[in-house]
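# Survey of secondary and tertiary structure
Each chain is listed here by its residues.
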Amino acid sequence: MAGSNVTALFRASTAHSPSYFTLSRASGGASGEITDFCIPCNPYFPTPAMFDELGGRLREILTYYPSSADTITAELCQVLGLNPQTVAMGNGSTELITWIDHLLVKESLAVPVPTFGRWTDQPMETGKRVDMLLLPEAHGFGLDPASFVQFVRTRGSRAAVICNPNNPDGGYLPKQQLLALLDSLQDLDLIVVDESFLEFADAESDPSVAAEAVLRTNVIVLRSLGKNFGLHGVRFGYLVSNPSLAGKVRAALPKWNLNSFAETVVFMLKEHRQEYAESLLQARRDRQEMTYRLSQLPGLTVYPSQGNFLYVRLPEGVDGSVLRDRLLAEHGVLVRECSNKIGSSSRFLRLVVRPQQDVLRLLSAMEQVLYGQRTQAPEPPPPPQPLAPMLAQLPGPMPAAQPQPQAQRLALAQQPVSARGLARGQDRPTPMEPASALSGGTGGYTSGTAAVDRLIGQA
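Because the structure is a prediction, the values reported are computed rather than measured. (Residues numbered from 1 in each chain as written. Predicted model: local features only at pLDDT ≥ 70, side-chain atom pairs only at ≥ 80, totals over all residues. Heavy atoms only, no water.)

This part is about the sheet that holds strand β12 (residues 348–352). Ordered by their spatial adjacency, 5 strands build an open sheet running β1-β11-β12-β10-β9, and the pairing between neighbours is mixed. The open sheet is flanked by β1 (35–37) and β9 (301–302), the only strands paired with a single partner. Here 5 bridges tie strand β10 (residues 309–313) to β12, and the two strands are oriented antiparallel to one another. Following the sheet pairing, F309 is matched in β12 by V352. Contacting β1, β9, β10 and β12, helix α14 (residues 273–295) crosses the sheet at an angle of about 15 degrees to β10. (Pairing = 2+ DSSP bridges. Helix = DSSP H or I, 4+ residues; strand = E, 2+ residues; numbered from the N terminus. Contact = heavy atoms within 4.5 Å. Axes fitted to C-alpha atoms, helices over the stretch in contact; angles between N-to-C directions.)

Printed below as a string of structure tokens:
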């Protein structure tokens, strides 16, 4: 896929990537040629048979009103084993985030960054103070509970959000540590645990704190169905909390906020539990293999993840936005460059976990753009060990994965160019060369926006 119309869409000032439909229109309908590593959804669910069933019912789904939200919620709760009084369903988790902010966040909210953009943007849009704790790259972007509690106390925050696993890095806080953190902050007005990607985690057999949330007066657990089921376009998610909090959110939600597609899928779930469980197992296996293969690329750092995506740091001097544009224009591969996430920079990509054949296409494209040629092909990873920490299963790094002196890395490029050759608009594609002029130094993150940098600096 080529064309400046498509790559220009990513330069808009927004916290999110352009939609599939926007890309399709800009590319003249050629978006089907894209291998998508940007949108984090389940590639194995629904099954082809389920899509056929949905397609066969398309006319009635589009023609008729859905049932009430209470009816759809009751069915979901029956499938998941939840009490309907502790659940509120929304038109995507973003609708629930909006109402949580309007109804329950009074003056200030603390959140580690980088994280999902709506947890920083939504409260700021309604005039709340957002206290942002920068997750340390030196510790793999892991959240230290004691440091977060101290941060909340120092800032005087009245609400807090923890995404577990976190987006974009996939960082995971073990259940017992998370419960201890909730105990330490039980005096806050509200604590939200966003478990939108938790279904893809395998660090523990029972990682969710939803059952504990219903017993607490200030805790909401947020879950996303679109991400788990591979159906972002349906727009459905739910929260779990004590009946008082859940009832307050339910009362504020619009009538018929759930559409007929959401209703149809929810009522199909009980017949497809096994296929869904198998899809999650396969996604976890894919994550391990993708982690291994990406870690073989010279100069690339892959961080541990319990989500269905991987957070990677690019080699020194590589501008992620230029790499993103070239991967899309020259190879039809779409990646999520993270410079517009608070607390991240253009040196980071978030890559969605996909099947092996797609990952091989990604690797080939990255090797050609970064180095100008194929690097040493990695050997297949060993079989996964259930419920063990992901990186502990990986073998030791192969020689190609070791950091190389700059001169050696430059030798990988058939046509090395200067840092200026990476600027947008160059006529002839060339391999991307590490260049310190683009790295912004080693003093930490810059977002590219001075106001955001000041917010992070104050954190």
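A word on the packing of aromatic side chains. Per the stated rule, a full pass over the model turns up 12 aromatic pairs. Considering the side-chain rings of F141 and Y311, the 5.2 Å spacing of their centres and the 75 degrees angle between planes classify their relative orientation as edge-to-face. Of this pair, F141 sits in the loop between β4 (129–134) and α8 (145–155) while Y311 sits in strand β10, and the two are 170 residues apart along the sequence. Y311 matches F141 in its accessibility class, with the two residues each being buried. Considering the side-chain rings of Y303 and Y311, the 6.1 Å spacing of their centres and the 40 degrees angle between planes classify their relative orientation as tilted. Classification of Y303 as buried rests on a relative accessible area of 6%. In this structure Y311 comes out as buried when scored by relative accessible area, which is 0%. Ring-pair connections join several aromatic residues into one group, and the members of that group are F45, F229, F236 and Y276. Above the ring of F116, the side-chain terminus of K227 is found at 6.0 Å from the ring centroid. For R350, the ring lying beneath its charged end belongs to F309, and the centroid distance is 5.8 Å. (Phe/Tyr/Trp six-rings, centres within 6.5 Å; stacked < 30°, edge-to-face > 60°. Buried < 20%, exposed > 50% of the residue type's maximum accessible area, 1.4 Å probe, protein only. Lys NZ or Arg CZ within 6 Å of the ring centre and 35° of its normal.)

A separate point is the environment of R293. For R293, the position within the fold is in helix α14. According to the relative accessible area criterion, R293 is buried, its value standing at 8%. Separated by 63 residues in sequence, R293 and Q356 place their C-alpha atoms 9.9 Å apart.

A word on the side chain of S108. If you trace the backbone, S108 turns up in strand β3 (residues 108–113). You can call S108 buried: its relative accessible area is 0%. Side-chain polar atoms of S108 contact the backbone nitrogen of R158, separated by 3.0 Å. Apart from the residues within four sequence positions on either side, S108 is in contact with R129, D131, G156, S157, R158 and A159. (Polar contact = N/O pair within 3.5 Å; in protein donor to acceptor, adjacent residues only side chain to side chain.)

Once that is clear, we can look at the packing of helix α5 (residues 69–80) against helix α13 (residues 260–268). Packing of α5 against α13 brings their axes to within 9 Å, and their N-to-C directions diverge by 25 degrees. The orientation of α5 with respect to α13, classified from their angle, is roughly parallel. Considering only the axes of α5 and α13, their crossing is left-handed. Two secondary-structure elements touch here, α5 through T71, I72, E75 and L76 and α13 through E263, V266 and F267. (Parallel < 35°, antiparallel > 145°, perpendicular 65-115°, else oblique. Left-handed = near helix turned anticlockwise from the far one by under 90°.)

The values are spatial; any link to function lies outside them.
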